[in-house]
Amino acid sequence: MTVVVLLGSPGAGKGTQAPVLSRHLDVPVLASGDLLRTAVAKGTALGREADRYMSRGQLVPDETIVRVFLDRLEQSDARAGAILDGFPRTRVQAEALDAALAEAGRRVDRTIFIDVATEDLVKRMANRRICTANGHVYNLASNPPLVAGVCDIDGSPIVQRPDDEEATVRARMTEQIPPLLEVVDHYRKAGVLQKVDRREPISDVSARVLAAIDSPTVIDVPATFPAG
Ligand code: ADP
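The residue count restarts for each chain, going from 1 along the sequence in the order it is written. Per-residue local features of the predicted model are confined to residues with pLDDT of at least 70, and side-chain atom pairs are confined, for both listing and counting, to 80 or more; whole-chain, interface and lining totals are unaffected and use all residues. Calculation of side-chain values draws on the structure's entire complement of heavy atoms; hydrogens and water are dropped beforehand.

**Q** Help me out: how do you make sense of the site of the ligand in this one?
**A** The environment of the ligand is made up of 21 residues, and the closest members are Ser32, Gln58, Arg89, Arg128 and Arg172. Any pair of nitrogen or oxygen atoms within 3.5 Å is treated as a polar contact; in protein, a donor-acceptor pairing is required on top of that, and neighbouring residues in sequence qualify only through side-chain atoms on both sides. In the model, an oxygen atom of the ligand is placed 2.2 Å from a nitrogen or oxygen of the Arg172 side chain. Accessible surface is estimated by sampling points in the Shrake-Rupley manner with a 1.4 Å probe; for residues, cover comes only from the protein chains shown. About the coverage of the ligand: the protein hides 96% of its 560 Å² of free accessible area. The secondary structure listing takes helices from DSSP runs of H or I that are at least 4 residues long and strands from runs of E that are at least 2 residues long, numbered from the N terminus. Looking at the shell around the ligand, the elements that each hand over two or more residues are helix H2 (32-42) and helix H7 (166-190). Broken down by element, the residue count for the shell around the ligand peaks at four residues, all from H2. When residue character is reported, Ala, Val, Leu, Ile, Met, Phe, Trp, Tyr, Cys and Pro are called nonpolar, Asp, Glu, Lys and Arg charged, and the others, Gly included, polar. A class-by-class count of the residues in the shell around the ligand yields seven nonpolar, seven polar and seven charged. The cutoff for a nearby residue is simple: one of its non-hydrogen atoms must lie within 4 Å of the molecule or strand.

**Q** Just checking my understanding: could you explain the pattern of salt bridges for this structure?
**A** As a working rule, side chains carrying opposite charge can pair if their charged atoms are close by. Put simply, a salt bridge is a Lys or Arg side-chain nitrogen that is within 4 Å of an Asp or Glu carboxyl oxygen. Scanning the model with the defined rule gives eleven salt bridges in all. A salt bridge links Arg37 to Asp34, with the shortest nitrogen-to-oxygen separation between them at 3.0 Å. With Arg37 and Asp34 both in helix H2, this residue pair falls three residues apart, about one helical turn. Measuring nitrogen to oxygen at the nearest pair gives 3.9 Å for the salt bridge that ties Arg172 to Asp163. Bridged by salt links that share partners, the residues Arg128, Arg161, Asp163, Asp164 and Arg172 form one connected network.

**Q** It is not clear to me how the nonpolar core should be interpreted in this structure. Could you clarify?
**A** The nonpolar side chains of soluble globular proteins are, as a tendency, buried together. Joining through side-chain atoms within 4.5 Å is the link that ties buried Ala, Val, Leu, Ile, Met, Phe, Trp, Tyr and Cys residues into a set, and such a set is a nonpolar core. Note on exposure labels: buried denotes an accessible area under 20% of the residue type's maximum, exposed denotes more than 50%, and partly exposed covers the range between, all computed with a 1.4 Å probe on protein chains only. Core analysis: the biggest nonpolar cluster contains 28 residues, and Leu7, Leu73, Leu84, Leu97, Val108 and Tyr187 have the highest contact counts within it. Contributions of two or more residues to this core are made by strand E1 (2-8), helix H3 (45-54), helix H4 (62-73), strand E3 (81-85), helix H5 (91-103) and H7. At five residues, H4 tops the list of elements feeding residues into this core. In this structure, Leu7 is in contact with Lys14, Pro88, Thr111, Ile112, Phe113, Ile114, Leu180, Val183, Val184, Tyr187 and Leu193, ignoring residues within four places of it in sequence. Residues Val4, Leu21, Val122 and Val196 belong to the second largest nonpolar core, which totals 21 residues. The criterion used for residue contact is that any of the two residues' heavy atoms lie within 4.5 Å.

**Q** What is the right way to look at empty space enclosed by the protein in this model?
**A** Using a 1 Å grid laid over the protein atoms alone, points where a 1.4 Å probe fits but cannot get out form a cavity; open sets with protein on both sides within 12 Å along at least 5 of 7 lines form a pocket; any residue with an atom within 4 Å of a point counts as lining. Grid points are joined across faces, edges and corners, and a volume is the space filled by probe spheres set on the points. Summed over all chains, the structure comprises two cavities of 30 Å³ or more. In this structure, the largest cavity occupies an estimated 80 Å³ of space. Contributing to the lining of the largest cavity are Leu6, Leu7, Gly8, Ser9, Pro10, Lys14, Gly86, Phe87, Pro88, Arg89, Gln176 and Leu180. At the level of secondary structure, the elements contributing two or more residues to the lining of the largest cavity comprise E1 and H7. Tallying contributions element by element places E1 first for the lining of the largest cavity, with three residues. Tallied by class, the residues present in the lining of the largest cavity amount to six nonpolar, four polar and two charged.

**Q** For this particular structure, what's the right way to read the packing of H4 against H5?
**A** For every element, the axis is a line fit to its C-alpha atoms; helices are fit only across the contacting stretch, and the angle between N-to-C directions ranges from 0 to 180 degrees. Two elements in contact, H4 and H5, have axes whose closest approach is 10 Å; the angle formed by their N-to-C orientations is 30°. For the element pair H4 / H5, the angle class is roughly parallel. Relative to H5, the crossing made by H4 is right-handed. Residue-level contacts link Asp62, Ile65, Val66, Leu70 and Leu73 of H4 to Val92, Gln93, Ala96, Leu97, Ala100 and Leu101 of H5. The residue makeup of the contact of H4 with H5, split by class, is nine nonpolar, one polar and one charged. Here the angle decides the label: under 35 degrees means roughly parallel, over 145 means roughly antiparallel, 65 to 115 means roughly perpendicular, and every other value means oblique. Here a crossing is taken to be left-handed if its near helix is turned anticlockwise relative to the far helix by less than a right angle, and right-handed if that turn runs clockwise.

**Q** Mind showing me how you'd approach the sheet that holds E3 here?
**A** Strands sit in the order E2-E3-E1-E4-E8 across an open sheet of five strands; the sheet is parallel. Here the strands that pair on one side only, and so sit at the sheet edges, are strand E2 (29-31) and strand E8 (193-197). Averaged over neighbouring strand pairs, the angle between their axes works out to 20° when direction is ignored. At least two DSSP bridges between two strands are needed for those strands to be called paired. One ladder, built from five bridges, connects E1 with strand E4 (residues 110-115); its direction is parallel. Paired with Leu6 across the bridge in E4 is Ile112.

**Q** How should the sheet that holds strand E5 (residues 128-131) be read in this particular structure?
**A** Taken together, three strands build an open sheet; the order of strands is E6-E5-E7 and the sheet is antiparallel. Each of the sheet's edge strands pairs with one partner strand only, and the pair in question is strand E6 (137-139) and strand E7 (158-159). Judged from the two bridges that link them, E5 and E7 form a sheet pairing that is antiparallel. Along E7, the bridge assignment pairs Ile130 with Val159.

Right, dumping it as structure tokens:
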């Protein structure tokens, strides 16, 4: 049983690294943003509620995401473990996750914090595209698809997410970085935090993420992080 939490600001590259970790550990990726976008696309009551927050770059209420995410974590494909991408994003969510795992005799085994400067993030998100079928992630500058506008993996069209437009990106940074740093601190105190610097090519970051996961010891991380 391996539960790995991936942490990073919006656009830090969690969605790119999550599948690498998933293959390495042979456990599924559970991505909160994908769960919410699926609910929005289906037009459920929950989806309509979530959309009001997401389209403004705000976090959806803790109670909502905790319910959706913990339900997903209980499904059978996550019995051997999971890579958590985008959850928890607040201290309240981290505590709810700890409690749910503890009930099942499990815990968060590792947390990988992908640290990126804010100005790099804004630039990167202007170039981010996702495929319409499965949300596979591309970057027009650093990780473009082989054929422009088409997903390498499933052939579906690639598009910009509505919440990746610049004004929304800036709102997301302002809203989401302070609670993120609280979550980072939560896992630092639990002694399960590993930090990876994202100022390197994607393949190097993947190598560092895998090295961090396989390392028997947790690298000590200072208590305060620059927000950007
Ligand atoms: P990114 O990769 O840019 O971080 P995500 O796809 O993870 O974006 O999330 C998109 C949006 O969904 C967030 O901006 C937020 O509104 C909402 N969201 C996702 N996860 C959570 C969460 N754990 N708590 C609250 N809101 C969330």
